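Here's the letter readout for the chains.
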Amino acid sequence: MIKVINRVEGSYALGVLCVDYPDQFIAVRKASPMNCRILVDEENFIASDVTAILKHTRDNYYLEDNEIVVLKKDSVKVYNTDKEEVKKKSSRLIGT
């Protein structure tokens, strides 16, 4: 994924599935909105608009440009382009 984002130009929000790693979903963004929703009933979500998955959870990670998120059924990990894990603080959305 790091090689891809170093070559892609413009703004984007990408979600990638790989046959070699069927238990994970990888996502990255640059100058385009993407939120990562955390564990709800053993599921994780990504969305470009928070309202798309608000009915599932109110816990949210906001991703910065070029942060790579690896979602598995029971975990969410975020990395920078140096392959270092980034500790994200979850935000709880309040409202209807």
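This structure is a prediction, so every number in the text was calculated from the model and none was measured.

(A) Fine view of the overall build of the protein chain. Within the protein chain, the regular secondary structure consists of one helix and nine strands. Its helices and strands taken in sequence order, the protein chain reads α-β-β-β-β-β-β-β-β-β from the N to the C terminus. A burial count over the protein chain gives 33% of its 96 residues as buried. Long-range contacts, defined as pairs at least 24 residues apart, comprise 48% of the intrachain contacts of the protein chain with a sequence gap of at least 6.

(B) Just the side chain of glutamine 24, in detail. Relative to the elements of secondary structure, glutamine 24 occurs in strand β2 (residues 24–30). Residue classification places glutamine 24 among the buried positions, given a relative accessible area of 16%. Non-local contacts of glutamine 24, meaning those with residues more than four positions away in its chain, are made with Leu17, Val70, Leu71 and Lys72.

(C) Spatial organisation of unusual backbone geometry. Of note, the phi angle at alanine 31 is positive, near 55 degrees, even though the residue is not glycine. With phi around 65 degrees, asparagine 66 is a residue other than glycine that occupies positive phi space. For asparagine 66, a relative accessible area of 25% puts it in the partly exposed group.

(D) Seen up close, the sheet that holds strand β7 (residues 75–79). What the five strands build is an open sheet, ordered β1-β2-β6-β7-β8; its pairing is antiparallel. A strand with exactly one partner marks an edge of an open sheet, and here the two such strands are β1 (12–17) and β8 (85–86).

(E) The nonpolar core, seen in detail. Within the largest apolar cluster, seven residues are counted, these being Ala27, Tyr61, Leu63, Val69, Leu71, Val76 and Val78. Broken down by secondary-structure element, the contributors of at least two residues to this core are β6 (68–72) and β7. The next biggest cluster of nonpolar side chains, apart from the first, holds six residues, and it includes Ile5, Tyr12, Val28 and Val70.

(F) Here's a closer look at the confidence of the model for the protein chain. Residues at a pLDDT of 70 or more form 80% of the protein chain, whose mean pLDDT is 81. Here strand β3 (residues 35–40) is the element of the protein chain with the lowest mean pLDDT, 56, and β8 is the one with the highest, 96.

Basis of the calculations
- Residues numbered from 1 in each chain as written.
- Predicted model: local features only at pLDDT ≥ 70, side-chain atom pairs only at ≥ 80, totals over all residues.
- Heavy atoms only, no water.
- Helix = DSSP H or I, 4+ residues; strand = E, 2+ residues; numbered from the N terminus.
- Buried < 20%, exposed > 50% of the residue type's maximum accessible area, 1.4 Å probe, protein only.
- Contact = heavy atoms within 4.5 Å.
- Pairing = 2+ DSSP bridges.
- Core = buried A, V, L, I, M, F, W, Y, C linked by side-chain atoms within 4.5 Å.
- pLDDT = per-residue confidence, 0-100.

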